[in-house]
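Below, each chain spelled out in residue letters.
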Amino acid sequence: MTTQEITTPEELAELLGAPTRRALDKERTVLHQRDREWLAAAPFCLVATAGADGSCDVSPKGDPAGFTLVLDETTIAIPERPGNRRADGYRNILANPHVGLLFLIPGRTDTLRINGRARLVRDAPYFADMEVEGHRPVLAVEVTIEQIFYHCAKAFLRSKLWRPETWRPDALPTRARLVKEVEAPTENLADLERHYGPDYARNLYV
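Predicted model only: the values in this text are computed from it and were never measured.

Considering the overall build of the protein
Moving on, step 1. For the protein, the count of helices and strands is eight helices and seven strands.
Moving on, step 2. For the protein, the C-alpha atoms occupy an extent of roughly 55 × 55 × 40 Å along the three principal directions.
Moving on, step 3. When each of the 206 residues of the protein is scored for burial, the buried share is 32%.
Moving on, step 4. Considering only contacts within the protein whose residues lie at least 6 apart along the sequence, 63% involve residues at least 24 apart.
Moving on, step 5. Element-wise, carbon and sulfur atoms account for 54% of the exposed surface of the protein, whose accessible area totals about 13,800 Å².
Moving on, step 6. When the 27 positive and 30 negative side-chain charges of the protein are each reduced to one mean point, those points stand 3 Å apart.

Observations regarding unusual backbone geometry
Moving on, step 1. One non-glycine residue, E133, lies in the positive phi region at around 55°.
Moving on, step 2. Position of E133 among the secondary structure elements: in the loop between β6 (111-121) and β7 (139-151).
Moving on, step 3. Residue class for E133 comes out exposed when judged on its relative accessible area of 62%.
Moving on, step 4. Positive phi is not limited to glycine here, since K160 has a value of about 55°.

Describing the pattern of salt bridges
Moving on, step 1. Across all of its chains, the model carries 13 salt bridges by this definition.
Moving on, step 2. A salt bridge links K61 to E80; the shortest N-O distance between them is 2.8 Å. Separated by 19 residues along the polypeptide, K61 in strand β2 (residues 56-62) and E80 in strand β4 (residues 75-80) bring together distant segments of the chain.
Moving on, step 3. What makes E80 buried here is its relative accessible area of 14%.
Moving on, step 4. R136 serves as the salt-bridge partner of D123, at 2.6 Å between the closest nitrogen and oxygen. Taken together, the residues span a long stretch of sequence, with D123 in the loop between β6 and β7 and R136 in the loop between β6 and β7 at a distance of 13 residues.
Moving on, step 5. On the basis of relative accessible area, D123 is assigned to the partly exposed category, the value being 48%.
Moving on, step 6. Judged by its relative accessible area of 37%, R136 falls in the partly exposed class.

Concerning the environment of K26
Moving on, step 1. Inspection of the secondary structure assignment puts K26 in the loop between α2 (21-25) and α3 (33-41).
Moving on, step 2. Separated by 103 residues in the primary sequence, K26 and D129 place their C-alpha atoms 31 Å from one another.
Moving on, step 3. Discounting chain neighbours no more than four positions away, the residues touching K26 are I148, F149, Y150, H151 and C152.
Moving on, step 4. Polar side-chain contacts of K26 include one of 2.8 Å to the backbone oxygen of Y150.

As for the sheet that holds β6
Moving on, step 1. Spatially, β2-β1-β5-β6-β7-β4-β3 is the arrangement adopted by the seven strands of the open sheet, whose pairing is antiparallel. The open sheet has two edge strands, β2 and β3 (69-72), and neither has a second partner. For this sheet, the mean angle separating the axes of adjacent strands, direction not counted, is 35°.
Moving on, step 2. Sheet analysis places β6 next to β7, joined by eleven bridges and oriented antiparallel. By the bridge assignment, A118 is partnered in β7 with V143.

Conventions used here
- Residues numbered from 1 in each chain as written.
- Predicted model: local features only at pLDDT ≥ 70, side-chain atom pairs only at ≥ 80, totals over all residues.
- Heavy atoms only, no water.
- Helix = DSSP H or I, 4+ residues; strand = E, 2+ residues; numbered from the N terminus.
- Buried < 20%, exposed > 50% of the residue type's maximum accessible area, 1.4 Å probe, protein only.
- Contact = heavy atoms within 4.5 Å.
- Areas by Shrake-Rupley, 256 points an atom, 1.4 Å probe, with all protein chains shown as cover.
- Lys, Arg positive; Asp, Glu negative; His and termini not counted.
- Charge placed at Lys NZ, Arg CZ, Asp CG, Glu CD.
- Salt bridge = Lys/Arg side-chain N within 4 Å of Asp/Glu carboxyl O.
- Polar contact = N/O pair within 3.5 Å; in protein donor to acceptor, adjacent residues only side chain to side chain.
- Pairing = 2+ DSSP bridges.
- Axes fitted to C-alpha atoms, helices over the stretch in contact; angles between N-to-C directions.

Following this line, the structure appears as structure tokens:
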């Protein structure tokens, strides 16, 4: 059997069928009170970006629940904390401001999706509201909302993502060992284990 590629929107529509009226009508452009409550309860989101050349990036962002700040009914801000300084997604935003966000609440099988246009802010009065453990964010991503809706639960139900009995965190070696084997074979494993040990979690904001 040969591989059969889909190459046109018409082929895709023929295969998948038409979206339901509910799926089409659920899109909005302004935050509802329930959206604000969702953002206040969400400790984690995924930020998808694309560069001018079409290259893509998806970066996880997480902080205490409510870390995403609602600035007004069409604008939110996501803080950036100290990290590896690659800034792949942020470089993309400078070239192409379109972003896609997926907000998760642990245990919930539905998600909140926001698509819009982003800009990078190095400082603003609201940075004081984003302090964690006395540390202000490095920068913030302001997103002007163009599309917002809730996404269905099927992917989470199929994957059994929130069912602890399916979790296998030891299916692969520790982070230190992965770095040693895959990324930096010349580095000392003991040093890597110290780096990713207890101090790693204690120094998240410095």
